[in-house]
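Examining the three-dimensional arrangement
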Amino acid sequence: MASSATGPSRQRAHSSAASISISSGSSDGYFDSDDELDYFRKQQQKEWEEGMEQLQVLVSAVLIPVLGKWFGRRWSGWLYDRYLRVGLGKTFFFGEYLAAFIKVPASKLS
């Protein structure tokens, strides 16, 4: 029972000490001085910039190569299928619709 009696008194002493430190200080009540607030904000800004730099490295070193590899394989598969279907001519590069309208100069025919 003795430990339970000292427990609440410790809590009251701690909460009263916390309320004293909150009431004395800057306008937001958490920091004792504006210097501490400025230091805290600078630290937060530094951590934010480091996090953004890590995210940028992650995207440029991991995400872009993986997506490039995936899109490259998809594109090459599509091109190979198109080559097998229409051959390597005007239709391959311009499509069926535009290839009908593209005229080949007479000098290239002979």
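Above this text sits the structure in question.
Residues numbered from 1 in each chain as written. Predicted model: local features only at pLDDT ≥ 70, side-chain atom pairs only at ≥ 80, totals over all residues. Heavy atoms only, no water.

When helices and strands are tallied, the protein chain shows four helices and zero strands. The order of helices and strands in the protein chain, counted from the N terminus, is α-α-α-α. Here the protein chain holds 110 residues, and the buried ones make up 7% of them. (Helix = DSSP H or I, 4+ residues; strand = E, 2+ residues; numbered from the N terminus. Buried < 20%, exposed > 50% of the residue type's maximum accessible area, 1.4 Å probe, protein only.)

Turning our attention to the environment of F93. Mapped onto the secondary structure, F93 falls in helix α3 (residues 90-99). For F93, a relative accessible area of 58% translates into the label exposed. Along the chain, F93 and R82 lie eleven residues apart, while their C-alpha atoms are 9.7 Å from each other.

Turning next to a nonpolar patch on the surface. Together, W48, M52, L55, L58, V59, V62, L63, I64, V66, L67, W70 and F71 give the surface a local cluster of nonpolar side chains, amounting to about 1,200 Å² of exposed area. Mapped onto the elements, L58 comes out in helix α2 (residues 34-86). (Patch = residues over 30% accessible without salt bridge, like charges linked within 9 Å, V, L, I, M, F, W, Y side chains within 5 Å. Areas by Shrake-Rupley, 256 points an atom, 1.4 Å probe, with all protein chains shown as cover. Salt bridge = Lys/Arg side-chain N within 4 Å of Asp/Glu carboxyl O.)

Next up on the list: the side chain of R82. Within the secondary structure, R82 sits in helix α2. On the basis of relative accessibility, which here comes to 9%, the residue R82 falls in the buried class. Look past the residues within four positions of R82 in its chain and what remains in contact with it is G87, T91, F92 and G95. (Contact = heavy atoms within 4.5 Å.)

Where like charges cluster on the molecular surface, the negative patch consists of D32, D34, D35, E36 and D38. Residue placement: D38 occurs in helix α2. On the basis of relative accessibility, which here comes to 39%, the residue D38 falls in the partly exposed class. (Lys, Arg positive; Asp, Glu negative; His and termini not counted. Charge placed at Lys NZ, Arg CZ, Asp CG, Glu CD.)

Attention now moves to α2. Spanning 53 residues, α2 covers 73 Å between terminal C-alpha atoms, matching the ideal 78 Å at 1.5 Å per step. The largest bend along α2 reaches roughly 35° and is located at V59. Following α2 by one or two positions, G87 adopts a phi angle in the positive range, close to 85°. (Expected span 1.5 Å × (residues − 1). Bend = angle between axes of the 7 residues up to and from the residue.)

Purely geometric numbers; function is a separate question.
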